Amino acid sequence: NTTMLSSDLGSTLPEKYGLNANFPNPFNPVTFITYDLAGDGQVDLSIYNIIGRKVKTLVNSYETAGRKATAWYGVDDSGSSLSAGMYFYHLRTKGFSKVRKMILLK
């Protein structure tokens, strides 16, 4: 299983959009990413390598407001394991965009 569907983690709606620090970081073999959606809408959460190339799409769907969580297992879109190093995760929704960094250890 390379990704989990994002899941709703709370009954109270967030007041603003947010992208939280992944945990654990550094990680091997899995890290969890949580984010807050203040409203319903299209969500794109993707992983990029150090040179800015997209390596994995974690979420690309319409989601309802709330706190969400998904896991990343250090693999690309084809299921291949990625090398150790720094990666960036980018959350995009209507009117919100944020990037954070994480370290994959081997």
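What comes next is a walk through the structure.

Rules used in this analysis
Counting from 1, residues in each chain are numbered in the order their sequence is written. Given that the model is predicted, a residue must reach a pLDDT of at least 70 before its local features are reported, and side-chain atom pairs must reach 80 or more before they are shown or counted; all residues, however, enter totals for whole chains, interfaces and linings. The basis for every side-chain value is the complete set of heavy atoms in the structure, and neither hydrogens nor water enter the calculation. Numbering of helices and strands starts at the N terminus; helices are DSSP runs of H or I of at least 4 residues and strands are runs of E of at least 2. We call a residue buried when its accessible area falls under 20% of the maximum for its residue type, exposed when it is over 50%, and partly exposed in between, using a 1.4 Å probe and counting protein chains only. Here, two residues are considered to be in contact whenever any of their heavy atoms come within 4.5 Å of each other. Any pair of N or O atoms that falls within 3.5 Å is considered a polar contact. Within protein, one atom must be able to donate a hydrogen and the other to accept it, and sequence-neighbouring residues count only if both atoms are side-chain atoms.

For the rest of this paragraph, the subject is the environment of D44. Residue placement: D44 occurs in strand β4 (residues 41-48). The buried category is assigned to D44, whose relative accessible area is 11%. Taking the C-alpha atoms as reference points, D44 and T93, separated by 49 residues in sequence, lie 6.6 Å from one another. Those residues in contact with D44 that lie beyond four places of it in its chain are K54, T57, V59, N60, H90, L91 and R92. At a separation of 3.2 Å, a polar atom in the side chain of D44 contacts the side chain of S46. A distance of 2.3 Å separates the side chain of D44 from the side chain of R92, its partner in a polar contact.

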